[in-house]
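This is what each chain is made of:
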Amino acid sequence: MIEGAKWRRWVYFYIPLGAFIVWLLFPFYWMLVTSVRPDRELYRPWMAPNYAPFWTAHPTLVHVVDLLTETLFARWMLNTLFIAIVSTIISLFCGLLAGYALARLKFPFGGSLGTGIFITYLVPQTLLFIPLADIIRNFQLGDTPWALVLTYPTFLIPFCTWLLMGYFKAIPRELEECARIDGATRWKAMLYIIFPIAVPGILSAGIFAFTLSWNEFIYALVFLSSAEQKTVAVGVTSELVRGDVFYWGQLMAGALLGSIPVAFIYSFFVEYYVAGLTGSVKG
Amino acid sequence: MARVLLRNLNRMYDEVPAVKDVNLEIRDKEFVVLVGPSGCGKTTTLRMVAGLESITSGEVLIGDTVVNDLPPMDRDIAMVFQNYALYPHMSVYDNMAFGLKMRGVDRAEIGKRVQEAADILGIGEYLKRKPRQLSGGQRQRVALGRAIVRHPQVFLFDEPLSNLDAKLRVQMRVELKKLHSRLNTTAVYVTHDQVEAMTLGDRVVVMRGGEVQQVGEPLELYNAPANRFVAGFLGSPAMNFAAVRVSNGASGLRADSPGFSIDVPSEIDPRLRPYAGREVTMGIRPEDLHIANGGDPPGLCLDGIVEVVERLGAEILLDLQVGGQTMVVSVEPTVRAQRGDKLRFVLRPNRLHFFDPASEAAI
């Protein structure tokens, strides 16, 4: 905390923090204002006398209604939800087991295996989608949710594995040793002792994985083609931008509605999430 | 019958031996303390008994069974860890009950045993709390409680008191001693604190560099240390050591150093005779030197200049300069000594120790 005179606190703390918050939240505000702005205001030229870019005097829900009735937005939301949840579950499950093994078990090449898993995370998706597209085609999964459910774990599993590995390493080894002396097998010690303690870590890995798959764009763009299979990110940008015509109101309404589930999850688990990232385990 | 037997026990870490050829019998119902400086292999030895560390060679027997290949859960032991290792997400009750649940003990029996242990340790009112809501001493009790509800054949303690503050440590030490006599179970206790070792152990095992230096009852180790290491490790303040040259005098052997020259007591004479003309290490404990009163035999006296006076209350420690060597002497609290005083001390001849300078073994 800043000490000393009151003005110091304002100059070094409140004002910079306030500016930072405004900077971060402005895009969301813009999104909100645009989605409730009537079309006649949206397309008004900037030199018009009554041009007011930062607010609107006539808010309307017409864009939201249009989005829900005239596009497949609801369907996209369901698609995205399904894909994000299933791929998160797969990745968390694999990440838990792999992270535990890498953190606790001694086996040959354990260290290099960990590094290997990490390296796969570093390969850019913009390159990886080319071979993956070939594989998806061979398995005839193109234009189905399974194309994404099975490819998202390629970057989610390394991510979860590493996050959880770090978390497991921070849990004192004695807890598990004590459980094993108490009569638990390694499996039971993991289930009753390690996993419950690692809940904050597991939750933050899950939230991250969910967010990453919710926001994923390039695989969704490449592997899905028909409108009713699309995810929110791809659907909104491909169906509401026709040629050089931007349906700004609906675009922003879609973006706003599409970010609600993630924001909801974050606000719900924020305490666990912070604890998970700062890794505070007390024995 | 729950003796613990270690036979030629070895543990290597990447070719570096952590424990070397340890042979030890811990008798039924005995409280044995393994003590030594950090890295001496005491904890590794304990963990091999627990089954948490693999054994490179040798055997561990609990009762009459070789347990080398038994997992920890099947060895019928309980262990108390240095950092308590309480399960943070469980209440005190569940912490204590966990081991019994894992073994399929029925609920009524679990409740009875937990209550019994909680009564012994005085933690009955905390049973519903989580470990983080407890103080260090209370956590320590829970860790002990978790061990005793199991009614194991052997208790293993890995420096259980070293996370407590000094006052609490002394208190818990006494309680541990009481607890052991009440439970009457074999216990192996690891510590680096020689006071804990001396006060708690029926027998004490001093270790260094993975090897057992000496095994014996506390006072036996204190009065007749097998080598210079044991002599210096046990006792606070530590034994004084001085390099002396053994020579043949008119009335028997003499031990000479730049600061003093003393007559070797006749009972040590035959053992020290082969060293005549050579240097050996002489050891004398701080409490075995007294301020001379004039009538003392000059062959047992030495002069020292007081450098530091440490007033501890029950005693005063004087750091002396004796012919270029430093010695610590414990004197009565009534002694009024000042820095720079020159005092004459007499040593107790039957409390002198001599060590071979090469092997460091007691002569």
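One can find the structure itself at the top, above this paragraph.
Presented here is a report on the structure given in the accompanying data block. (Residues numbered from 1 in each chain as written. Chains lettered and ligands numbered in written order. Predicted model: local features only at pLDDT ≥ 70, side-chain atom pairs only at ≥ 80, totals over all residues. Heavy atoms only, no water.)

**A closer look at the overall build of chain B**
A count of helical and extended segments in chain B gives nine helices and 20 strands. Principal axes of the C-alpha set define a box for chain B whose edges measure 80 × 45 × 35 Å. The buried share of chain B, taken over its 363 residues, is 53%. When contacts within chain B are restricted to residue pairs at least 6 apart in sequence, those whose partners lie at least 24 apart make up 66%. Once the 44 positive and 45 negative side-chain charges of chain B are each reduced to a mean point, those two points are 5 Å apart. (Helix = DSSP H or I, 4+ residues; strand = E, 2+ residues; numbered from the N terminus. Buried < 20%, exposed > 50% of the residue type's maximum accessible area, 1.4 Å probe, protein only. Contact = heavy atoms within 4.5 Å. Lys, Arg positive; Asp, Glu negative; His and termini not counted. Charge placed at Lys NZ, Arg CZ, Asp CG, Glu CD.)

**Section: the overall build of chain A**
Helices and strands together make up the secondary structure of chain A, namely 14 helices and two strands. For a compact globule of 283 residues, the expected C-alpha radius of gyration is about 19 Å, and chain A comes in at 24 Å, more than 25% above that figure. With the principal axes as the frame, chain A shows a C-alpha extent of 80 × 70 × 30 Å. Counting the 283 residues in chain A, one finds 39% classified as buried. Across chain A, every contact between residues at least 6 apart in sequence was considered, and the portion connecting residues at least 24 apart equals 75%. Approximately 15600 Å² of chain A is accessible, and the part contributed by carbon and sulfur atoms is 72%. Each charge class in chain A can be summarised by its mean position, and for the 18 positive and 16 negative side chains these summaries are 10 Å apart. (Rg over C-alpha atoms; globule rule 2.2 N^0.38 Å. Areas by Shrake-Rupley, 256 points an atom, 1.4 Å probe, with all protein chains shown as cover.)

**Brief notes about the sheet that holds strand β5 (residues 65-66) of chain B**
All names here are of chain B. Strands sit in the order β2-β1-β4-β5 across an open sheet of four strands; the sheet is antiparallel. If you trace the sheet from one side to the other, it starts and ends with β2 (16-26) and β5, each paired once. Inspection of the sheet shows strand β1 (residues 4-13) paired to strand β4 (residues 57-62) by five bridges, in the antiparallel sense. Each residue of the ladder has a partner; that of L6, found in β4, is V60. Against the sheet, helix α1 (residues 42-50) touches β1, β2 and β4, its axis set at about 115 degrees to β1. (Pairing = 2+ DSSP bridges. Axes fitted to C-alpha atoms, helices over the stretch in contact; angles between N-to-C directions.)

**Observations regarding the side chain of E53 of chain B**
Residues and elements named next belong to chain B. Within the secondary structure, E53 is located in the loop between α1 and β4. The exposure class of E53 is buried, given its relative accessible area of 14%. Side-chain polar atoms of E53 contact the side chain of Y13, separated by 2.6 Å. In terms of polar contacts, E53 uses its side chain to reach the side chain of R47, at 2.9 Å. In this structure, E53 is in contact with R11, Y13, T44, R47 and M48, ignoring residues within four places of it in sequence. (Polar contact = N/O pair within 3.5 Å; in protein donor to acceptor, adjacent residues only side chain to side chain.)

**Some remarks on the interface of chain A and chain B**
When the parts of a complex come together, some accessible area is lost, and that lost area is often taken as the interface size. With 19 residues of chain A in contact, the opposing surface of chain B contributes 23 residues. Together, the buried faces of chain A and chain B total about 1900 Å²; carbon and sulfur atoms form 66% of this surface. Contact with chain B buries surface across chain A, with E177, I181 and D182 of chain A losing the most and accounting together for 35% of the total. Scanning the region where chain A abuts chain B turns up two salt bridges. Here E177 of chain A and R47 of chain B are joined by a salt bridge, their closest N and O atoms 2.7 Å apart. Summed over the shared surface of chain A and chain B, the result is 10 residue pairs in polar contact (both at pLDDT 80 or more). Mapped onto the side of chain A that touches chain B, the elements with two or more residues apiece are α9 (173-181) and α10 (186-197) of chain A. Ranked by residue count, the leading element in the side of chain A that touches chain B is α9 of chain A, at seven residues. For the side of chain A that touches chain B, the class distribution of residues is 10 nonpolar, three polar and six charged. (Buried area = accessible area lost by both parts, 1.4 Å probe. Salt bridge = Lys/Arg side-chain N within 4 Å of Asp/Glu carboxyl O. Nonpolar A, V, L, I, M, F, W, Y, C, P; charged D, E, K, R; others polar.)

**Section: unusual backbone geometry**
All names here are of chain B. In this structure, P237 follows S236 across a cis peptide bond, with omega equal to -5 degrees. Looking at the element boundaries, P237 is found in the loop between α8 (228-233) and β11 (240-249). At N184, a position not held by glycine, the phi torsion is positive, near 55 degrees. Structurally, N184 is set in the loop between α5 (166-183) and β8 (186-191).

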